[in-house]
Amino acid sequence: MAAVVDTLRAFFAPSTFVIDSENAGDVVARENLLDRAMGPGRRRKSSEKLRRGRVPAEGLALVARDRDGHVIATVRLWNVEAGIDREGHAVPALLLGPLAVDPTHEGKGIGGMLMRAAIEEAKSRGHGAILLVGDAAYYERFGFFAERTQHLVMPGPFERNRFLALELKEGWLEGAAGMLVASGRKLALPPLKRAA
Ligand SMILES: CC(C)(COP(=O)(O)OP(=O)(O)OC[C@H]1O[C@@H](n2cnc3c(N)ncnc32)[C@H](O)[C@@H]1OP(=O)(O)O)[C@@H](O)C(=O)NCCC(=O)NCCS
């Protein structure tokens, strides 16, 4: 894991939670947490179309753990193309989500810590921008605004005032227009069984 997460871990050592990379053993706990925090409608979101069948961007699946190592919050970021620029080239970016904190741990700053860790990790890995669909009143504190997404569309229904972006490199989304398209590595499918 990159230096950013190690630094946060050290800084918050006396705290009741740590930020860490997600590993394969966290998947069941993460899915249960998302069901509890977001309900069954979470799989019908337009963002889900950009995540389905893909793996998260390298190094950008993070969790918060309690003292016993249990997953109490999750955030993942996904590779997308955010339309095309004025020269017609695809604009690589990240889509963030879902972000969720276990309801029994809300309001302790865990969501904020996870967001800042994810943003710093994305920046340190050279990404240019992060997009998401969520409450502006929450995400504006991290620098996400609707201004840079005005010529972009999600591949399904979405509320424009909740379609937000943060540029990690100034001007990265300048002129970006069109539909978001998934561009991350595809999940490996289990091999087909051959007939005897
Ligand atoms: C939104 C969420 C991630 C916040 O996590 P958290 O750990 O409680 O957040 P923090 O402790 O870092 O921040 C709490 C602050 O955010 C505010 N906040 C939380 N949700 C908010 C929202 N939807 N809109 C505006 N402000 C919000 C709280 O009022 C609190 O404000 P304060 O600091 O002025 O008291 C968490 O409530 C959650 O998982 N919600 C359900 C899933 C969800 O909606 N995810 C986001 C969409 S992808």
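Just so it is clear, the structure is predicted and the values come from calculations on it, not from any experiment. (Residues numbered from 1 in each chain as written. Predicted model: local features only at pLDDT ≥ 70, side-chain atom pairs only at ≥ 80, totals over all residues.)

### Re the overall build of the protein chain
We count it as follows: The secondary structure listing takes helices from DSSP runs of H or I that are at least 4 residues long and strands from runs of E that are at least 2 residues long, numbered from the N terminus. To sort residues by burial, count the other C-beta atoms lying within 10 Å of each one's C-beta; a count of 20 or more means buried, 12 or fewer means exposed, and anything in between means partly exposed. C-beta atoms are built from the backbone. For every residue pair, C-beta atoms are placed from the backbone, and the pair is scored as a contact if these atoms sit within 7 Å.
Within the protein chain, the secondary structure is distributed over five helices and eight strands. Secondary structure elements in the protein chain, listed N-terminal to C-terminal, are α-β-α-α-β-β-β-α-β-α-β-β-β. Looking at the protein chain as a whole, 34% of its 196 residues qualify as buried. For the protein chain, the proportion of contacts with a sequence separation of at least 24, taken over those separated by at least 6, is 72%.

### Notes on the nonpolar core
Heads up, the rule is: We call a set of buried Ala, Val, Leu, Ile, Met, Phe, Trp, Tyr and Cys residues a nonpolar core when their C-beta atoms link them within 7 Å.
Counting 51 residues, the largest nonpolar core has Leu-77, Ala-82, Leu-94, Leu-95, Leu-114, Ala-118 and Ile-130 as the members making the most contacts within it. Ignoring any residue separated from it by four or fewer positions in sequence, one finds Leu-94 in contact with Ala-57, Leu-60, Leu-77, Trp-78, Asn-79, Val-80, Ala-122, His-127 and Ile-130.

### As for the site of the ligand
Put simply, the rule reads: Should the C-beta atom of a residue, placed from the backbone, lie within 6 Å of a molecule or strand, that residue is near it. The classification used treats Ala, Val, Leu, Ile, Met, Phe, Trp, Tyr, Cys and Pro as nonpolar, Asp, Glu, Lys and Arg as charged, and all other residues, Gly among them, as polar.
Around the ligand sit 18 residues, and of these Glu-106, Gly-111, Gly-112, Asp-135 and Ala-137 come closest. Elements with a contribution of two residues or more to the shell around the ligand: helix 2 (27-38), strand 4 (90-101), helix 4 (110-124) and helix 5 (136-139). Among the elements that make up the shell around the ligand, the one with the highest residue count is strand 4 (five residues). A class-by-class count of the residues in the shell around the ligand yields nine nonpolar, six polar and three charged.

### A word on the pairing of strand 8 (residues 177-182)
Here is the rule: What makes two strands pair is DSSP finding at least two bridges between them.
Bridge count between strand 3 (residues 71-84) and strand 8: four bridges; the pairing is antiparallel. Across the sheet, residue Val-80 finds its bridge partner in strand 8, namely Ala-182. Strand direction decides the pairing type here: strand 6 (residues 152-153) and strand 8, joined by two bridges, are parallel. Of the residues in strand 8, the one forming a bridge with Leu-152 is Gly-178.

### Examining helix 2
As a reminder, the rule being used: Between the first and last residue of a helix there are one fewer steps than residues, each counted as 1.5 Å, and that sum is the expected span.
Here helix 2 is 12 residues long and its end C-alpha atoms lie 16 Å apart, about the 16 Å a rise of 1.5 Å per residue gives. Phi for Gly-39, located one or two positions after helix 2, is positive at around 80°.

### Notes on unusual backbone geometry
Pro-98 follows Gly-97 through a cis peptide bond whose omega is -10°. On the secondary structure map, Pro-98 appears in strand 4.

### Observations concerning helix 4
Helix length check: helix 4 (15 residues) gives 21 Å between terminal C-alpha atoms against 21 Å at 1.5 Å per residue, within 8%. Looking only at helix 4, the buried set comprises Ile-110, Met-113, Leu-114, Met-115, Ala-117, Ala-118, Ile-119, Glu-121 and Ala-122. Where helix 4 terminates, the next one or two residues include Gly-126, which has phi positive at roughly 90°.

### Section: the pairing of strand 5 (residues 129-133)
The criterion, for reference: Classification remark: right-handed applies to a crossover when, strands pointing away from the viewer, the course from the first strand over the helix to the second runs clockwise.
Most of strand 5 sits inside the fold, with five of its five residues counted as buried. Burial along strand 5 is two-sided: the face carrying Ala-129, Leu-131 and Val-133 and the face carrying Ile-130 and Leu-132 are both buried. Pairing between strand 4 and strand 5: two bridges, direction parallel. Within the sheet, the bridge partner assigned to Leu-94 lies in strand 5 and is Ile-130. In this view, the connection linking strand 4 to its parallel neighbour strand 5 by way of helix 4 has right-handed handedness. In this sheet, strand 7 (residues 163-167) lies alongside strand 5 in antiparallel orientation, the contact comprising five bridges. Directly across from Leu-131, in strand 7, lies its bridge partner Ala-165.

### A short note on the environment of Ala-122
Assignment of secondary structure puts Ala-122 in helix 4. As a C-alpha pair, Ala-122 and Leu-168 span 46 residues in sequence and 8.2 Å in three-dimensional space.

### A few points about the environment of Arg-52
Turning to its location among the elements, Arg-52 is positioned in the loop between helix 3 (46-51) and strand 2 (61-66). Residue Arg-52 is classed as exposed on the basis of its C-beta count, with 10 C-beta atoms lying within 10 Å. Spatially, the C-alpha atoms of Arg-52 and Lys-186 are 8.9 Å apart, while their sequence positions differ by 134 residues.

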